[in-house]
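# Architecture at a glance
Residues per chain are reported as follows:
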Amino acid sequence: MMKLIVKVVFLLLLNIPMLILGQGNEHKLIKEVYDVTYYEGEDADKEKHKLNLFIPNHVENPPMMLWIHGGAWAFGDRKGETELARKFAKEGIAVAAISYRLSPGTWVDPEHTSGIEHPEHIRDVARAFAWVYQQADEYKYDKHSIFVSGYSAGGHLSALLALDPDYLTEVGQSVRDVKGAIPIAGAYDIAAYYKTHLEFNGKDLADGHVKGAFGKTIAQLEKASPTLYVENQWVPMLVISETQSYDYTRLLETACESKGNDVMEFFHVKDMNHKELYENLSKSLKSDYRDIIVNYIKRERADYQYVQTRDVKLAYKVFGTGTPLFLLNGGPGFPSHHFADLAKKLSEKYQVVLFDQRGTGYSSIEEKNNSTITLDLMVQDLENLRKHLNYDEIIVMGHSFGGIYAMNYAAAYPEHVKKMILSHSGGMEIDMINDVGQRLRSNLNEKDRADLNGLSQDNLNPNIYTMRRAKIIAPAYVYNKELATSVFKGLAFKSRFYPEVNLLVYQDMRNNRMNLTKEMQSFKKPVLIIHGANDIVNPDVARHADKTFPDSKLLILDECAHYGWLEKPSIYFGTIYDFLEAS
């Protein structure tokens, strides 16, 4: 454990006055809604289960920051955060300033004897997040760009919400619904926080303050510590400290370094103490530190555009300029987000359109069932997006399941396909993908196969289960096992898996006995087929495709599995560019 050489700071903000709403022009830029109830269960608190909203009127579909007040988990309220919330709203950031139930505070006020204990604070924060997520359309902010932030105790709670997935799962949400977290001036190892108070302030205060909020045992304190969950890298985080919370933040930073966590950024304010930084963020007309937070939110927010196509709001993103190439990601059941790097590479020469397939990522539909998730509807989504972007002919490039998707589109709309690229694609007949699971297992070593067989969803958070499964199976996707970590992070963290979509798409293909052989025999446009010799999809699928298409070129990459651009980038991209540039 790192030795804490600090003056003890209670991470406490008290008696922050509420700024009364004025009548000046500056407030006309902000829609303010007070005392909104976010939880109405049997144990609801009439005062604490409420939030205040600050929505900028001058920005369309702004990102949202759920703001959690400080006060050492025992004091404070949403009402004291009005001035800070207005400052961020003026910068185009919607804010939901929340209250949550508090712990006893006898160590400050002997009469403050009632209250709750962990995990009730964080359960309230999760409830508030669920409300904010579900009410986005009504209040006109971006549900896909909700950030959690807070100061002092609120910094701890924002980090815990982003790292321990159980609390959001409990309220029917996912930690993957959090776009980013910005914990400020918090304590992230509660056991170390307790021991520091014990050393400097004595047992009575340490017990009253820390154990009064988190429980009597060190195990309880550790379970409430974000440092325990640093392997859970789903949510990008910007962690900010000042001079008095620096050593507490360093414990989180050190834990991240030891686990190879690469989505946390740390910023240490070296010229302000605990109170000064909060006042700078909330009261200063101009704050460089507030700008850092605003710029982080604007950088990390969802940057997709949307088009409404019948029953789906389709999310898409355009990279570069030139001849349009639609990149169809694998799955089914994955959104397009972990294909952004491939899209950027291809956009050096072409205009690349990336989009989330229906029911995944930011492409939303009201219900997911066998009448809303079908290949025919997915084909129509692609056609509607082509029309929306006003392209006559497009290049379609599909990877893995995306290749199956591309062939289905080419069968329905051959006149709008200029060329087609099948990258490690599934087959044009449903039976051609029956051995994928077997081949995946054969690409694993004996230990990984045993771990996969022993992995169970019972008593596991679904996000944890998906992460562990991705870590086990990642080596199957690459011939060079040193690349497995990159694949693991792509599968587990850079994208989100929607198992119900996966199931429905495969059911649709099987129910309709998908067989595109006849249509592909009639498809006269040029086709490039790239496949790995060691792929989880049998290379015979690629050879069959090459024999079926009238005008195709086949490249089988030796010592390569499912990701040619990772294992053989020079020949992979070189072959694609030569194919696309040929007349």
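Read on for a plain summary of the structure.

About the cut-offs
Residues numbered from 1 in each chain as written. Predicted model: local features only at pLDDT ≥ 70, side-chain atom pairs only at ≥ 80, totals over all residues. Heavy atoms only, no water. Helix = DSSP H or I, 4+ residues; strand = E, 2+ residues; numbered from the N terminus. Rg over C-alpha atoms; globule rule 2.2 N^0.38 Å. Buried < 20%, exposed > 50% of the residue type's maximum accessible area, 1.4 Å probe, protein only. Contact = heavy atoms within 4.5 Å. Axes fitted to C-alpha atoms, helices over the stretch in contact; angles between N-to-C directions. Parallel < 35°, antiparallel > 145°, perpendicular 65-115°, else oblique. Left-handed = near helix turned anticlockwise from the far one by under 90°. Nonpolar A, V, L, I, M, F, W, Y, C, P; charged D, E, K, R; others polar. Pairing = 2+ DSSP bridges. Salt bridge = Lys/Arg side-chain N within 4 Å of Asp/Glu carboxyl O. Expected span 1.5 Å × (residues − 1). Lys, Arg positive; Asp, Glu negative; His and termini not counted. Polar contact = N/O pair within 3.5 Å; in protein donor to acceptor, adjacent residues only side chain to side chain. Phe/Tyr/Trp six-rings, centres within 6.5 Å; stacked < 30°, edge-to-face > 60°. Lys NZ or Arg CZ within 6 Å of the ring centre and 35° of its normal.

Along its length, the chain carries 23 helices and 16 strands. For 583 residues, the compact-globule formula gives about 25 Å, and the C-alpha radius of gyration of the chain, at 26 Å, lands near that figure. Seen along its three principal axes, the alpha-carbon backbone of the chain occupies a region of about 85 × 60 × 45 Å. Counting the 583 residues in the chain, one finds 60% classified as buried. Excluding contacts between residues fewer than 6 apart, the proportion of contacts in the chain whose partners are at least 24 apart in sequence is 76%.

Contact geometry for helix α17 (residues 462-473) and helix α18 (residues 484-494): axes closest at 8 Å, N-to-C directions at 165 degrees. Here α18 runs roughly antiparallel to α17, going by the angle between their axes. Between α17 and α18 lies a crossing of right-handed hand. Residue-level contacts link Met467, Ala470 and Lys471 of α17 to Phe488, Leu491, Ala492 and Phe493 of α18. Its residues assigned to classes, the contact of α17 with α18 shows six nonpolar, no polar and one charged.

It is worth spelling out the sheet that holds strand β12 (residues 351-355) at this point. Ordered in space as β9-β10-β12-β11-β13-β14-β15-β16, the eight strands form an open sheet in which the pairing is mixed. Strands at the two margins of the open sheet, each flanked by one partner only, are β9 (305-309) and β16 (552-557). With strand direction ignored, the average angle separating the axes of adjacent strands in the sheet is 20 degrees. For strand β11 (residues 324-328) and strand β13 (residues 394-399), the ladder comprises four bridges, and the chain directions are parallel.

The next point concerns unusual backbone geometry. One can expect most non-glycine residues to show negative phi and most peptide bonds to be in trans. Residue Pro119 follows His118 across a cis peptide bond; omega there is 15 degrees. Relative to the helices and strands, Pro119 resides in the loop between β4 (94-98) and α2 (120-134). Of note, the phi angle at Ser152 is positive, near 65 degrees, even though the residue is not glycine. Topologically, Ser152 is positioned in the loop between β5 (146-151) and α4 (153-163). Residue Ser152 is classed as buried on the basis of its relative accessible area, which comes to 0%.

What follows deals with the pattern of salt bridges. If you walk through the whole model with that rule in mind, you get 34 salt bridges. The partner of Asp262 in a salt bridge is Lys489, with the nearest N and O atoms 3.1 Å apart. Residue Asp262 is located in the loop between α9 (246-259) and β8 (264-268), and its partner Lys489 is located in helix α18; the two are separated by 227 residues in the primary sequence. Arg513 is the salt-bridge partner of Asp431, the closest N and O atoms lying 2.9 Å from each other. On the criterion of sequence distance, the pair formed by Asp431 in the loop between β14 (417-423) and α15 (436-442) and Arg513 in the loop between α19 (499-511) and α20 (517-521) is long-range, its members being 82 residues apart. A residue is classified by how much of its surface remains accessible, and Asp431, at 43% relative accessible area, is partly exposed. Three or more residues are tied together by salt bridges with common partners; here these are Asp43, Arg101, Glu120, Arg123, Asp124, Arg127 and Glu170.

Before going further, it helps to spend a moment on α9. The terminal C-alpha atoms of α9 lie 20 Å apart, and with 14 residues this matches the ideal 20 Å at 1.5 Å per residue to within 8%. Here the buried face of α9 lies against α6 (190-201), β7 (237-241) and β8. One or two steps after α9, the chain reaches Gly260, where phi turns positive at roughly 70 degrees.

In space, the eight strands of this open sheet follow the order β1-β2-β4-β3-β5-β6-β7-β8, with mixed pairing throughout. Whereas interior strands pair on both sides, the edge strands pair on one side only; in this sheet they are β1 (30-37) and β8. Strand-to-strand twist across the sheet, computed as the mean angle between neighbouring axes with direction ignored, equals 15 degrees. Contacting β1, β2 (50-56), β3 (64-68) and β4, helix α1 (residues 82-90) runs over the sheet at an angle of about 135 degrees to β1.

Residue placement: Asp164 occurs in the loop between α4 and α5 (166-170). For the buried Asp164, which has no salt bridge, the nearest side chain bearing the opposite charge is Lys223, at an N-O separation of 4.6 Å. Here Tyr229 takes part through its side chain, which lies 3.3 Å from a polar atom of the side chain of Asp164.

Let us look at the environment of Ala159. Counting through the fold element by element, Ala159 comes out in helix α4. C-alpha separation for the pair Ala159 and Asp376, spaced 217 residues apart in sequence, amounts to 42 Å. The contact partners of Ala159, leaving out residues within four places of it in the chain, are Pro183, Tyr188, Pro226 and Met237.

Below, the discussion takes up the side chain of Arg101. In this structure, Arg101 sits in the loop between β4 and α2. We classify Arg101 as buried; its relative accessible area is 10%. Polar contacts involving the side chain of Arg101 include one to the side chain of His49, which spans 3.5 Å. Only 2.9 Å separates the side chain of Arg101 from the side chain of Asp124, close enough to count as a polar contact.

On to the environment of Glu500, then. As for its placement among the helices and strands, Glu500 is situated in helix α19. Given the relative accessible area of 33%, Glu500 is considered partly exposed. In this structure the C-alpha to C-alpha distance between Glu500 and Ile529, which are 29 residues apart in sequence, comes to 29 Å.

What follows deals with the packing of aromatic side chains. On inspection of all chains with the given rule, the structure shows 25 aromatic pairs. Their ring planes at 75 degrees and their centres at 5.8 Å tell us that Trp73 and Tyr193 sit as a pair that is edge-to-face. Linking Trp73 in the loop between β3 and α1 with Tyr193 in helix α6, this pair joins segments that are 120 residues apart in sequence. A relative accessible area of 1% means that Trp73 is categorised as buried. Summarising the aromatic geometry, the rings of Tyr151 and Tyr278 are spaced 5.3 Å apart at their centres and angled 70 degrees between planes, so their arrangement reads as edge-to-face. A residue pair is termed long-range when its members are at least 10 positions apart, and Tyr151 in strand β5 and Tyr278 in helix α10 (residues 274-283) qualify at 127 residues. Overall, Tyr151 belongs to the buried group, its relative accessible area being 0%. The structure contains a cluster of three or more aromatic residues connected by ring pairs, namely Phe339, Tyr350, Tyr477, Tyr563, Trp565, Tyr572, Phe573 and Tyr577. When the ring centre of Tyr306 is taken as origin, the NZ or CZ atom of Lys313, which lies over that ring, is 4.9 Å away.

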